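Understanding the architecture of this molecule
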Amino acid sequence: MVNAIAPMALGNLAGPDNVNETSLTPGAGRLSRRQKAAIIVRLLSSEGLKLPLSELSEDHQTALAEQVAELRLIDRDTLVSVVEEFCEALEAVGLAFPGGLDGALSLLDGQLSPAASTRLRRLASGSSRADPWERITGLSTDLLLPVLEEESTEVGAVMLSKLSVAKAAELLGRLPGEKARRVAYAVSLTGNVAPETVQRIGQALASQLDAQPAKAFDTGPVERVGAILNYSASATRDAVLKGLEEEDLAFAEEVKKAIFTFANIPTRIDPRDIPKILRNVDQARLVVALAGAKGALEASAEFVLTNMSQRMAQSLRDEMSNLGKVKDKDAEEAMGEIVGAIRAMEAAGEIFLVAEDDD
């Protein structure tokens with residue numbers, strides 16, 4: 001609580017006043033507001049409490065530092081009076097606001113519409129107190145990658161230097177080889193870059209990112225079409241993919257990679273995940289799906305049966321044999337339920353699908 005309110009209280013104390021005393025006598029009444037703020041900062045620092053003074057304006061920070069440099073010895077009665085006055089100011093505060101548009105955006109993160117958030121960030125980017133790198137470092141690599149690809153090598157090196165090591169490594173790995181080498185080498189030359197230059201680069205990048213129009217959808221068109229076709233009937237899926245290939249072959253190929261069906265189980269499911277998946281599937285529906293797997297789908301059924309305990313596999317084979325012939329519609333519905341369970345587990349991070357181009 002002190003860390004949240006104290007900077008504002010100190011900001012009021014450190015503001016300009018007409019008192020300029022350097023020779024102190026007992027009693028807080030003879031002190032200027034800046035001197036009182038300096039005393040509080042010194043006292044808290046001696047107790048090991050470092051206040052976030054960077055939240056104050058640069059003028060207030062400068063004035064406070066100058067006052068700390070001027071003061072020498074303070075008698076105990078004066079110290080007690082200043083502390084009592086400061087504590088009374090803190091106790092009188094009922095609610096503290098973050099201050100500034102950047103603080104308001106952090107407080108309301110996730111509650112504002114994308115359009116309103118973008119508009120406010122553009123306004124906040126012009127504030128001298130706003131740190132653009134706080135926003136930039138919090139963005140995903142998907143948003144940062146296009147900017148890194150378009151910007152100069154020098155700007156890209158500064159960006160990577162401000163990001164976390166893990167995020168910088170991921171971005172570097174997604175750059176073309178020659179561009180990645182140039183940016184990596186440029187990072188070694190950033191040691192003498194002035195803080196003001198880094199700040200200006202951050203403001204320019206933040207403005208560029210904020211200028212991008214808000215997206216109506218959280219995922220791209222490939223992911224959306226792939227998700228729809230995942231739950232479509234196989235005849236519909238095949239017809240749509242054929243039409244996409246005629247219209248845009250590259251887009252159709254990307255959609256195929258995003259699609260996950262029962263036929264993809266052997267190539268995209270880790271064999272060790274099969275027991276985990278089966279715990280989330282109704283056994284009766286699993287028997288229907290496996291019994292109805294014909295033609296190219298037989299490989300998926302055999303993959304599931306092979307990667308479970310042999311005792312359970314034999315039990316399922318017996319049930320499949322007793323079930324007899326399964327209607328195609330019933331089998332497709334049961335397979336869809338299994339695929340749905342796999343997709344839900346992937347979304348929850350319980351399993352990971354193997355990329356088609358992985359070995």
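As shown above, the structure is provided for reference.
My aim in this report is to walk through the structure given alongside it, one point at a time. (Residues numbered from 1 in each chain as written. Predicted model: local features only at pLDDT ≥ 70, side-chain atom pairs only at ≥ 80, totals over all residues. Heavy atoms only, no water.)

Quick word on the overall build of the protein
Applied cut-off: The numbering of helices and of strands both runs from the N terminus, where a helix is a DSSP run of H or I of at least 4 residues and a strand a run of E of at least 2. For every residue, the accessible area (1.4 Å probe, protein chains only) is compared with the maximum for its type, and the residue is labelled buried under 20%, exposed over 50%, or partly exposed between those bounds. Residue contacts are defined here by distance: any two heavy atoms, one from each residue, within 4.5 Å place the two residues in contact. Using the Shrake-Rupley algorithm and a 1.4 Å probe, accessible areas are obtained, with residue cover drawn only from the displayed protein chains.
Across its full length, the protein holds 21 helices and zero strands. A buried classification covers 34% of the 359 residues belonging to the protein. The contacts of the protein with a sequence gap of at least 6 include a subset with a gap of at least 24, amounting to 74%. Carbon and sulfur atoms make up 53% of the accessible area of the protein, which totals about 21,600 Å².

Brief notes about helix H21 (residues 328-347)
An α-helical segment advances 3.6 residues per turn. Residues three or four places apart therefore align on the same side. The line we're drawing: A helix is expected to span 1.5 Å multiplied by its residue count minus one.
For H21, with 20 residues, the first-to-last C-alpha span of 28 Å sits near the 28 Å given by 1.5 Å per residue. Here H21 has its buried residues at Ala331, Ala334, Met335, Ile338, Val339, Gly340, Ala341, Ile342, Arg343 and Met345. Those residues of H21 hidden inside the fold are in contact with helix H13 (221-230), helix H15 (249-258), helix H16 (265-268), helix H17 (274-278) and helix H18 (283-291). Just past H21, the residue Gly349 takes up positive phi, approximately 80°.

What about the environment of Lys162?
For Lys162, the location among the structural elements is in helix H9 (residues 153-162). Through-space distance from the C-alpha of Lys162 to that of Thr137 is 7.3 Å; in sequence the pair is 25 residues apart. In contact with Lys162, not counting residues within four places along its chain, are Trp133, Thr137 and Val198.

A word on the pattern of salt bridges
The test is simple: Take a side-chain nitrogen of Lys or Arg and a carboxyl oxygen of Asp or Glu: if they are within 4 Å of each other, that pair is a salt bridge.
Within this structure, the stated rule accounts for twelve salt bridges. Here Glu170 makes a salt bridge to Arg174, at a shortest N to O gap of 3.9 Å. Of this pair, Glu170 and Arg174 both sit in helix H10 (residues 165-174), four residues apart, which is roughly one turn of the helix. Using a relative accessible area of 35% as the deciding quantity, one classes Arg174 as partly exposed.

Some thoughts on the nonpolar core
Definition in use: We define the nonpolar core as a collection of buried residues of types Ala, Val, Leu, Ile, Met, Phe, Trp, Tyr and Cys that are connected through side-chain atoms lying within 4.5 Å of one another.
Phe262, Ile265, Ile269, Leu290 and Ile342 are the most contacted members of the largest nonpolar core, which totals 34 residues. Residue assignment for this core shows that the elements contributing at least two residues are H17, H18, helix H19 (298-306), helix H20 (310-323) and H21. Looking at this core, the element that brings in the most residues is H21, giving eight residues. Leave out the neighbours within four places in its chain, and Ile342 touches Phe260, Ile265, Ile269, Ile277, Ile351 and Leu353. Grouped together as the second largest cluster of nonpolar side chains are 22 residues, Trp133, Leu145, Val158 and Leu171 included.

With respect to a negative patch on the surface
Our working rule: Excluding any residue in a salt bridge, patches collect residues exceeding 30% relative accessible area, merging like charges within 9 Å and nonpolar Val, Leu, Ile, Met, Phe, Trp and Tyr side chains within 5 Å. The charge count includes Lys and Arg as positive and Asp and Glu as negative, but it does not include His or the ends of the chains. Charged side chains are reduced to one point each, which is NZ for Lys, CZ for Arg, CG for Asp and CD for Glu.
Together, Asp328, Asp330, Glu332 and Glu333 give the surface a local cluster of negative charge. Here Asp330 lies in helix H21.

Things to note about the environment of Leu64
For Leu64, the position within the fold is in helix H3 (residues 58-70). Separated by 29 residues in the primary sequence, Leu64 and Gln35 place their C-alpha atoms 8.1 Å from one another.

Focus: the packing of H13 against helix H14 (residues 234-247)
Rules: Every axis in this analysis is a line fitted to C-alpha atoms, fitted for helices over the stretch in contact. Angles between the N-to-C directions lie between 0 and 180 degrees. Reported orientations rely on four angle classes, namely roughly parallel under 35 degrees, roughly antiparallel over 145, roughly perpendicular from 65 to 115, and oblique for the rest. Left-handed describes a crossing in which the near helix is turned anticlockwise from the far one by less than a right angle; the clockwise case is right-handed. Think of it as three bins: nonpolar holds Ala, Val, Leu, Ile, Met, Phe, Trp, Tyr, Cys and Pro, charged holds Asp, Glu, Lys and Arg, and polar takes everything else, Gly as well.
Taken N-terminus to C-terminus, the directions of H13 and H14 make an angle of 150°; their axes are 10 Å apart at the nearest point. By the angle class used here, H13 and H14 are roughly antiparallel. Between H13 and H14 lies a crossing of left-handed hand. In contact with Val225, Leu229 and Asn230 of H13, H14 contributes Arg237, Val240, Leu241 and Leu244. Of the residues in the contact of H13 with H14, the class split is five nonpolar, one polar and one charged.

Quick word on the packing of helix H2 (residues 33-46) against helix H4 (residues 76-91)
Following both chains from N to C, one finds H2 and H4 inclined at 95°, their axes separated by 10 Å at the closest point. In terms of orientation, H2 and H4 fall into the roughly perpendicular class. Two secondary-structure elements touch here, H2 through Lys36, Ile39, Ile40 and Leu43 and H4 through Leu79, Val82, Val83, Glu85 and Phe86. Class assignment for the residues of the contact of H2 with H4 results in seven nonpolar, no polar and two charged.

A few points about the environment of Leu175
Position of Leu175 relative to the elements: it lies in the loop between H10 and helix H11 (177-187). Relative accessible area serves as the criterion here: at 7%, Leu175 is assigned to the buried category. A C-alpha to C-alpha distance of 9.7 Å links Leu175 and Pro146, two positions 29 residues apart in sequence. Not counting residues up to four positions away in its chain, the partners in contact with Leu175 are Leu145, Leu148, Glu149, Ala180 and Val183.

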